[in-house]
Amino acid sequence: MTDDTQDRLSRIKDEIVDSFDEELELQLEEDRLDELVAEGMGEETDATLDRRVYFRELFRLQHELVRLQDWVQYKKLKVVVLFEGRDSAGKGGAIKRVTQRLNPRVCRVVALPAPTERERHQWYFQRYTAHLPTAGEMVLFDRSWYNRAGVERVMGFCSSEELEEFFRSVPDFERMLVRSGIILIKYWFSITDEEQEFRFGMRIQDPLKQWKLSPMDLQSRVHWEEYTKAKEEMLERTHIPEAPWWVVHAVDKKRARLNCIAHLLTQIPYENVPKPEIILPERMRNADYHRTPVPPEMYVPEIY
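If you're wondering where the values come from, they're calculated on a predicted model, not measured in any experiment. (Residues numbered from 1 in each chain as written. Predicted model: local features only at pLDDT ≥ 70, side-chain atom pairs only at ≥ 80, totals over all residues. Heavy atoms only, no water.)

Participant: Please explain the sheet that holds strand β3 (residues 137–142) as it appears in this structure.
Facilitator: In sheet architecture, strand pairing relies on hydrogen bonds along the backbone and comes in two forms, parallel and antiparallel. In space, the 5 strands of this open sheet follow the order β2-β3-β1-β4-β5, with parallel pairing throughout. Every other strand in the sheet has two partners, leaving β2 (107–110) and β5 (245–249) as the edge strands with one partner each. Each adjacent strand pair in this sheet contributes to an overall mean axis angle of 20°, direction not counted. Two elements, strand β1 (residues 78–85) and β3, share 6 bridges in a ladder whose sense is parallel. Note on β3: the bridge partner recorded for K78 is E137. Its contacts with the sheet place helix α4 (residues 91–99) against β1, β2, β3 and β4 (182–190), and it is angled at close to 165° to β3. (Pairing = 2+ DSSP bridges. Helix = DSSP H or I, 4+ residues; strand = E, 2+ residues; numbered from the N terminus. Axes fitted to C-alpha atoms, helices over the stretch in contact; angles between N-to-C directions. Contact = heavy atoms within 4.5 Å.)

Right, dumping it as structure tokens:
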């Protein structure tokens, strides 16, 4: 077996393990880690983080995210986080880990579809402003108004005049958001040409992930260099002191998630929120209450 074949098999193994870990993350708690490590879960590979280290750090950081969420509510902050990057760069995975243990009424995700005919004729930023947070909310954009600087530009969905107007407008638009009290944080997830090709190949082979591959995603492989030029100009022209770009090295997905969350936590100073003691009240009981039985045919069949 050649070194290239061994390397590819190792990467495929890591990808499968990562998919398995996604399911474990929702079920595991820290006190189960030692037992699982003893069963072999914590073995290291050359390509990625030791899984025991990854899970411990993920749980620790998610605990801090809950504290941050409480602070955002307590101080009535308004937070917007943009997640941008190439197709398959890992934006969705990072967003999932940020929101995994948070209250969806406080921290919500916005992932807008292609604009409707009506939206195409609106002010460009209009459909995004409708989703901005009010006091005590965090909004994570899985792609944002920067679609214009990326896919719309490369695929010809906007004119050169519309693109230039976007570049003129977006710094002022973002400064206006910041002046209004919004904390705006922008992440670009960066992967290599080879890594994107590998991830696309894994999605093609996995029937549970094929839905992630849209025709537009596949076209991004054809236009790799054009997307690179578009990204470079976007970062150059929209990296402003009020809302700078932060680039996440995302070839290793586990490290990228941890690094992104750790950095996000440094962007908003937070403290413990004073909370009253929670006491479970006694249940009220009425002597004349009789529970009405549910007809057997209404129950879901117990197959398992």
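Having put the structure on the table, let's press on.
Participant: Explain unusual backbone geometry here, please?
Facilitator: A negative phi angle is the norm for most residues apart from glycine, just as the trans form is the norm for most peptide bonds. The residue S88 is not glycine, and still its phi comes out positive at about 75°. Inspection of the secondary structure assignment puts S88 in the loop between β1 and α4. On the basis of relative accessibility, which here comes to 7%, the residue S88 falls in the buried class. The phi dihedral of R143 is positive, around 75°, even though this residue is not glycine. Mapped onto the secondary structure, R143 falls in the loop between β3 and α7 (151–154). (Buried < 20%, exposed > 50% of the residue type's maximum accessible area, 1.4 Å probe, protein only.)

Participant: What am I meant to see in the nonpolar core here?
Facilitator: Generally speaking, nonpolar side chains in soluble globular proteins are found buried as a group. One finds L65, V81, F83, Y187 and F189 to be the most contacted residues of the largest nonpolar core, which totals 36 residues. For this core, the secondary structure elements donating two or more residues are α3 (51–74), β1, α4, β3, β4 and α12 (253–266). The element that contributes the greatest number of residues to this core is α3, accounting for 9 residues. Sequence-distant contacts of V81, that is, excluding residues within four places in its chain, are made with V139, L140, F141, I185, Y187 and L264. One finds V80, V110, V170 and W188 within the second-largest nonpolar core, a separate group that totals 27 residues. (Core = buried A, V, L, I, M, F, W, Y, C linked by side-chain atoms within 4.5 Å.)

Participant: I tried to follow the side chain of E174 on my own but got confused; where do I start?
Facilitator: Within the element layout of this structure, E174 appears in helix α8 (residues 160–179). The class of E174 is buried, set by a relative accessible area of 1%. Here the side chain of E174 touches W145 through a polar contact of 3.0 Å, side chain to side chain. In this structure the side chain of E174 is engaged in a polar contact, spanning 2.5 Å, whose partner is the side chain of Y146. (Polar contact = N/O pair within 3.5 Å; in protein donor to acceptor, adjacent residues only side chain to side chain.)

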